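# Remarks on the overall topology
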Amino acid sequence: MLEPTAIPRVGEEINSPKLSEFLQLNLGKELVVKEIRQFTGGYSNLTYLVITNQGQWVLRRPPGGVAIQHAHDMGREYRVLEKLKGIYGRIPNPVILCEDESVLGYPFYLMEKINGLILRHPQQLDMEFGASVMRQISESVVDNLALLHQINIHSTGLGKLGKPEGYVGRQVAGWTKRYQHAMTDDIPDMHNLARWMEANQPKDDYPGLIHNDYKYDNLVLDASEPARILAVLDWEMATVGDTRMDLGTSLAYWSEPSEADASPLMSNSVSWLPGNLNREEVVERYAKATGHDPGNILFYYVYGTFKIAVIVQQIYSRWKKGLSQDPRFGELIHGVRFFAHLGKRAIEKGRISDLL
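First, a word on what this report is: a plain description of the structure on this page.

Here is what the cut-offs are and how they apply
- Residues numbered from 1 in each chain as written.
- Predicted model: local features only at pLDDT ≥ 70, side-chain atom pairs only at ≥ 80, totals over all residues.
- Heavy atoms only, no water.
- Salt bridge = Lys/Arg side-chain N within 4 Å of Asp/Glu carboxyl O.
- Helix = DSSP H or I, 4+ residues; strand = E, 2+ residues; numbered from the N terminus.
- Buried < 20%, exposed > 50% of the residue type's maximum accessible area, 1.4 Å probe, protein only.
- Patch = residues over 30% accessible without salt bridge, like charges linked within 9 Å, V, L, I, M, F, W, Y side chains within 5 Å.
- Areas by Shrake-Rupley, 256 points an atom, 1.4 Å probe, with all protein chains shown as cover.
- Lys, Arg positive; Asp, Glu negative; His and termini not counted.
- Charge placed at Lys NZ, Arg CZ, Asp CG, Glu CD.
- Pairing = 2+ DSSP bridges.
- Contact = heavy atoms within 4.5 Å.
- Axes fitted to C-alpha atoms, helices over the stretch in contact; angles between N-to-C directions.
- Phe/Tyr/Trp six-rings, centres within 6.5 Å; stacked < 30°, edge-to-face > 60°.

## Focus: the pattern of salt bridges
- In the structure shown here, the tally under the stated rule is 18 salt bridges.
- Of the charged contacts in the structure, one is a salt bridge between Arg60 and Glu77, with a shortest N-O distance of 2.8 Å. Residue Arg60 is found in strand β4 (residues 55-61), and its partner Glu77 is found in helix α2 (residues 74-84); the two are separated by 17 residues along the sequence. The exposure classification of Arg60 matches that of Glu77, with both residues buried.
- Here Glu225 ties to Arg228 by a salt bridge, and the two come within 4.0 Å at their closest N and O atoms.
- Taken together, the salt bridges that share partners define one network made up of Arg60, Glu77, Asp234 and Glu236.

Structure (structure tokens):
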């Protein structure tokens, strides 16, 4: 479906005159912002369609009330896109960055608007995708992740984005700490998963570019050829490290049919629709495409479920503190419990598919 927009939510409006003034100073005096619409999907950074007399762009800004150092760093995300230009073609071109918070009250950047399909909310798709088409799309999604993970981070200079050594341990400790900071409800499964990950950490290997939020609704597809990926969006958490950790996050987002029946969050993914690879098939195809040994894939999947649960918890915590008026966020505590339960079931069953 084409990504829907609406009038910006209360408290999340953009000051159009100030934005116009900034753009005129930096991109040309004749440029005028005519309308600003807010994209209604997504749960993290706020995204807007900026309609001007010279075309349309997309504006990204952090949500209100956040104190998460890296997850909403507009400057970092913009510079990642700049680094990827000429290295990886499936990105929106960055247009301009503003880190001066006196302009709008927060940092923001504009990027190219890429017209295409974003597969979000299967029940709202504007067209029918048969099983054969979904199979092609799901294979393309996996192949593209494999392509990202094979980019040479040393010859391209992408290695400067982070420190691959010790990545697994830092992520386990970091996401555990973030959960403790954002925790609102006592969820024993989360504490158990944190202890299990600490005790079962594999050694780092396969250093490469990590997107950190690679999933269906962060991909723009060609409307006339849906299996062709035009762009990968949301590079806010991109770094370098053990690429199997990135695979684990994507696997945790990869919903299977029984999970879609059990959780609204999982039903929003299109990966459970007929024709899609299941998680075990994703790993098999990824390993064949990369030549990488997936190793203890159970660990990476459990890590993914825990990480997503923490992200959802952080969003819910902001809502509970009154820092967001988005009504969707009030139900997210159920998502925290669900992802924690998935991780628990994976450990109990010793597998990553067919968990419920």
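## Some words on a negative patch on the surface
- On the surface, a cluster of negative charge is made up of Glu165, Asp204, Asp205 and Asp293.
- With respect to the helices and strands, the residue Asp205 is situated in the loop between α6 (188-199) and β7 (207-210).

## Looking at the sheet that holds strand β6 (residues 108-112)
- Pairing is antiparallel in the open sheet, where 6 strands are placed in the order β1-β2-β3-β4-β6-β5. Single-partner strands in this sheet number two, and they are β1 (5-6) and β5 (94-98).
- Relative to β6, β5 runs antiparallel, the two being bridged by 4 bridges. Counterpart to Cys98 in the pairing with β6 is Phe108.
- Against the sheet, helix α1 (residues 16-27) engages β2 (33-39), β3 (46-52), β4, β5 and β6, with an angle of about 115° to β5.

## As for the packing of aromatic side chains
- Taken as a whole, this structure holds 9 aromatic pairs when the rule is applied.
- Centre to centre, the rings of Phe22 and Phe108 are 5.5 Å apart; their planes meet at 75°, and the pair counts as edge-to-face. Separated by 86 residues along the polypeptide, Phe22 in helix α1 and Phe108 in strand β6 bring together distant segments of the chain.
- Owing to a relative accessible area of 0%, Phe108 belongs among the buried residues under this scheme.
- On the numbers, 5.7 Å between centres and 65° between planes, the contact of Tyr78 with Tyr109 is edge-to-face. Of this pair, Tyr78 sits in helix α2 while Tyr109 is found in strand β6, placing the two residues 31 residues apart along the sequence.

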